[in-house]
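Residue-level structure breakdown
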Amino acid sequence: MEEKKCSSCKRKVVNDKGSVTFKCPQCNDVEVVRCTECRANAVKYNCGCGFIGPN
Ligand SMILES: [Zn+2]
Ligand SMILES: [Zn+2]
């Protein structure tokens, strides 16, 4: 089983019902994981392709 971790804080999101997983909007290849807390605080994440979110 795959263990998902938040892309920003690296916290496991297995039991985090408010977490979201989506493909990077730039490369459409890498899965970005966002935990509830990072979403609430609009914490930045970076994809390996150089994209920096949340937008
Ligand atoms: Zn997080
Ligand atoms: Zn990307």
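The structure displayed is predicted, hence computed values, not measured ones.

About the criteria used
Residues numbered from 1 in each chain as written. Chains lettered and ligands numbered in written order. Predicted model: local features only at pLDDT ≥ 70, side-chain atom pairs only at ≥ 80, totals over all residues. Heavy atoms only, no water. Donors = N, O, S within 2.8 Å, 3.2 Å for Na, K, Ca; no water. Buried < 20%, exposed > 50% of the residue type's maximum accessible area, 1.4 Å probe, protein only. Helix = DSSP H or I, 4+ residues; strand = E, 2+ residues; numbered from the N terminus. Contact = heavy atoms within 4.5 Å. Polar contact = N/O pair within 3.5 Å; in protein donor to acceptor, adjacent residues only side chain to side chain. Tetrahedral: all angles 85-135°; square planar, octahedral: opposite > 155°, others 65-115°.

Here's the deal with the coordination of the zinc ion (ligand 1)
Around the zinc ion (ligand 1), the donor atoms from the protein are C6 (SG), C9 (SG), C35 (SG) and C38 (SG), and they sit 2.2 to 2.3 Å away. Mapped onto the polypeptide sequence, the residues donating to the zinc ion (ligand 1) form the spacing pattern C-x2-C-x25-C-x2-C. For C6, a relative accessible area of 1% gives the class buried.

Quick look at the environment of T36
If you trace the backbone, T36 turns up in helix α1 (residues 36-40). On a C-alpha basis, the gap between T36 and V14 in space is 12 Å, while along the polypeptide they are 22 residues apart. Residues in contact with T36, not counting those within four places in the same chain, are D16, G18 and S19. Among the polar contacts made by the side chain of T36, one reaches the side chain of D16 at a distance of 2.3 Å.

A closer look at the coordination of the zinc ion (ligand 2)
Binding of the zinc ion (ligand 2) to the protein goes through C24 (SG), C27 (SG), C47 (SG) and C49 (SG), at separations of 2.2 to 2.3 Å. What the 4 donor atoms of the zinc ion (ligand 2) show is an angle range of 102 to 116° at the metal, which sorts the shape as tetrahedral. Along the chain, the residues that donate to the zinc ion (ligand 2) are spaced as C-x2-C-x19-C-x1-C.

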